[in-house]
Amino acid sequence: MPAGSTRTPVVQLENVSVYFTKKKLLGPQATVKAVDGASIQVGRGEIVGLVGESGSGKTTLGRAAIGLQKPTGGKVLFSKEEGQVDIGTLKGRSWRQMRSHLQIIFQDPFSSIDPNMRVFDVLRIPLLARGVKDRRKVEGMVSDVFGRVGLPTDVLSSFVFQLSGGQRQRVSIARVLLLDPEFIVADEAVSMLDVSLKGDILKIMKTIASDLHVGILFITHEMAVARVISDRIAVMYLGNVVEMGSADQVVGHPLHPYTQALLQASPTIDPSLREVLRTVNVKGEIPSSSAHPSGCKFHPRCPFAMDKCTDNVPELKEIEEGHLVSCWLY
Ligand code: SF4
């Protein structure tokens, strides 16, 4: 049972694994363990930052959390008024009804949309899918979400190609809000934006969580972004959550050597914190997802590795209230 959140969960991932088979021209097939037994819970109105390097499995875990990726093992539970439902068991109409409540915002949401579409038509499509056809009603709903994302309604007549990066991300958030979400995965949603636009979008996401009680899993490779937006932070390494706690715990008192290294590498980290961090000189690059090291997967890169780290997998255990880490140092 994932620990750490005191809020009513909206989505709970229990020991989720996602393995892929990689075909090779020569030699045996390889198994890619993109996610390898991860447990995370996101509460209603809560933002959980999911942080890690490229190749850590963050995006695959996020896709599994909204049913876009079927887990190889474990469960994704969505809480409804009637109780929890395993989204992997839903099919047909019941899945389609559930689907609109589980949404995703991408880094560049318009990469797959015809740039010659007008913004109003882009937004009308999800409403048609919800059975909302009356134009005045559509206009009322669109105007409401445009207020939330800080866009003037004259943008509705613009073509997609005419929008700036910040406007595009606001439109993509508006589109998701029109689907009445209860849980949103934001996958590197601000990583293509400059600093001031990033701040604006992060504020919008926080307001959505607090005002609409939407749970958000905010995927980012930037610890500084996770610190600003998250109530809790989960740090992922090679398919596993290696540390989880409140944003203050993880950023102010990081326990796992990998978290410490991520914080040290963060350019905007508080200088006073830099002094209290041990010097963590991480060796090498993140290994391939098809060649996980034995024991603690971080051991080949960890400056504090001990003999037992090579063969024994440390469990994710609670060190202080709500603060969990998987490392033999604790
Ligand atoms: Fe380093 Fe060992 Fe802790 Fe892994 S378990 S992070 S190798 S000290």
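The structure we're discussing is the one just above.
Quick summary incoming for the structure in this document. (Residues numbered from 1 in each chain as written. Predicted model: local features only at pLDDT ≥ 70, side-chain atom pairs only at ≥ 80, totals over all residues. Heavy atoms only, no water.)

**What about the site of the ligand?**
Note the threshold: Proximity is defined per residue: if any heavy atom of the residue lies within 4 Å of a molecule or strand, that residue is considered near it. Under the scheme applied here, ten amino acids are nonpolar (Ala, Val, Leu, Ile, Met, Phe, Trp, Tyr, Cys and Pro), four are charged (Asp, Glu, Lys and Arg), and all others, including Gly, are polar.
In the vicinity of the ligand, the residues found are H256, P257, C296, F298, H299, C302, F304, A305, C309, C327, W328 and L329. Here the shell around the ligand is built from residues that sort into 10 nonpolar, 2 polar and no charged.

**Some remarks on the pattern of salt bridges**
This is how the line gets drawn: Salt bridge criterion: a side-chain nitrogen from Lys or Arg within 4 Å of a carboxyl oxygen from Asp or Glu. Every helix listed is a DSSP run of H or I at least four residues long, and every strand listed is a run of E at least two residues long, numbered separately from the N terminus. Type-normalised accessible area, obtained with a 1.4 Å probe on protein chains alone, sets the label of each residue: buried when under 20%, exposed when over 50%, and partly exposed for intermediate values.
For the coordinates displayed, the defined rule picks out 8 salt bridges. Residues K297 and D36 are paired through a salt bridge, measuring 2.7 Å at the closest nitrogen-oxygen approach. Of this pair, K297 sits in the loop between α10 (271–276) and α11 (307–311) while D36 is found in strand β2 (residues 30–43), placing the two residues 261 residues apart along the sequence. One exposure class covers both K297 and D36, and it is buried. The residue R232 makes a salt bridge to E46 at a minimum N-O spacing of 2.7 Å. Note that R232 is positioned in strand β9 (residues 232–237) and E46 in the loop between β2 and β3 (47–51), a separation of 186 residues in sequence. Look at E46 and you get buried, because its relative accessible area is 2%.

**Notes on the sheet that holds strand β12 (residues 323–325)**
As a reminder, the rule being used: Here, strands pair whenever DSSP counts at least two bridges between them. Geometry is summarised by axes, namely lines fitted to C-alpha atoms with helices restricted to the contacting stretch, and by angles between N-to-C directions that run from 0 to 180 degrees.
Taken in spatial order, the 8 strands make up an open sheet running β6-β7-β8-β3-β9-β10-β12-β11, and their pairing is mixed. A strand with exactly one partner marks an edge of an open sheet, and here the two such strands are β6 (102–105) and β11 (317–320). For this sheet, the mean inter-axis angle between neighbouring strands, taken without regard to orientation, is 25 degrees. The pairing of β9 with strand β10 (residues 240–246) spans 6 bridges and is classified as antiparallel.

**A few points about the packing of aromatic side chains**
Quick reminder of the rule: Aromatic rings from Phe, Tyr and Trp, with only the six-membered ring used for Trp, were paired whenever their centres fell within 6.5 Å, and each pair was classed as stacked if the ring planes differed by under 30 degrees, edge-to-face if by over 60, and tilted otherwise.
Under the definition given, this model contains 4 aromatic pairs. With a centroid separation of 5.4 Å and 65 degrees between ring planes, the pair formed by Y258 and F298 is classed as edge-to-face. In this pair, Y258 sits in helix α9 (residues 257–264) while F298 sits in the loop between α10 and α11, placing the two residues 40 residues apart along the sequence. The residues Y258 and F298 share a single accessibility class, namely buried.

**Concerning the sheet that holds strand β1 (residues 9–22)**
Here is the rule we go by: The criterion used for residue contact is that any of the two residues' heavy atoms lie within 4.5 Å.
Strand order in the open sheet made by the 4 strands is β2-β1-β4-β5, with antiparallel pairing throughout. Among the strands making up the open sheet, the edge pair consists of β2 and β5 (83–86). Looking at each pair of strands side by side, their axes are set apart by 25 degrees on average, direction ignored. Strand direction decides the pairing type here: β1 and strand β4 (residues 73–80), joined by 5 bridges, are antiparallel. Bridge pairing links Q12 to L77 in β4. Its contacts with the sheet put helix α1 (residues 58–65) on β1, β2 and β4, and the angle it makes with β1 is roughly 125 degrees.

**Structural notes on the packing of helix α5 (residues 165–177) against helix α6 (residues 195–212)**
Formally: Note that the term roughly parallel is reserved for angles under 35 degrees, roughly antiparallel for angles over 145, roughly perpendicular for angles of 65 to 115, and oblique for everything else. It is the rotation of the near helix from the far one that decides the hand of a crossing: anticlockwise by less than a right angle makes it left-handed, clockwise makes it right-handed.
Where α5 meets α6, the closest approach of the two axes is 10 Å, and the angle between their N-to-C directions is 15 degrees. Relative to α6, the element α5 lies roughly parallel. The two elements α5 and α6 meet at a crossing, and its hand is right-handed. Residues G166, Q169, R170, I173 and L177 of α5 form the contact with α6, whose participating residues are L197, D200, I201, I204, M205, I208 and L212.

**Considerations on the nonpolar core**
Applied cut-off: Residues enter a nonpolar core if they are buried and are Ala, Val, Leu, Ile, Met, Phe, Trp, Tyr or Cys, with the set joined through side-chain atoms within 4.5 Å.
Counting residues in hydrophobic clusters, the biggest one holds 38 residues, and the most contacted among them are L123, F146, I173, M205 and F218. The set of elements that each furnish at least two residues to this core consists of α3 (119–129), α4 (135–149), α5, β7 (183–187), α6, β8 (215–220) and α7 (223–229). The greatest single-element share of this core, amounting to 6 residues, is contributed by α6. Non-local contacts of F218, meaning those with residues more than four positions away in its chain, are made with I47, V48, G49, L50, A186, V190, L202, M205, V225 and I229. The next biggest cluster of nonpolar side chains, apart from the first, holds 32 residues, and it includes V85, W95, L102 and I104.

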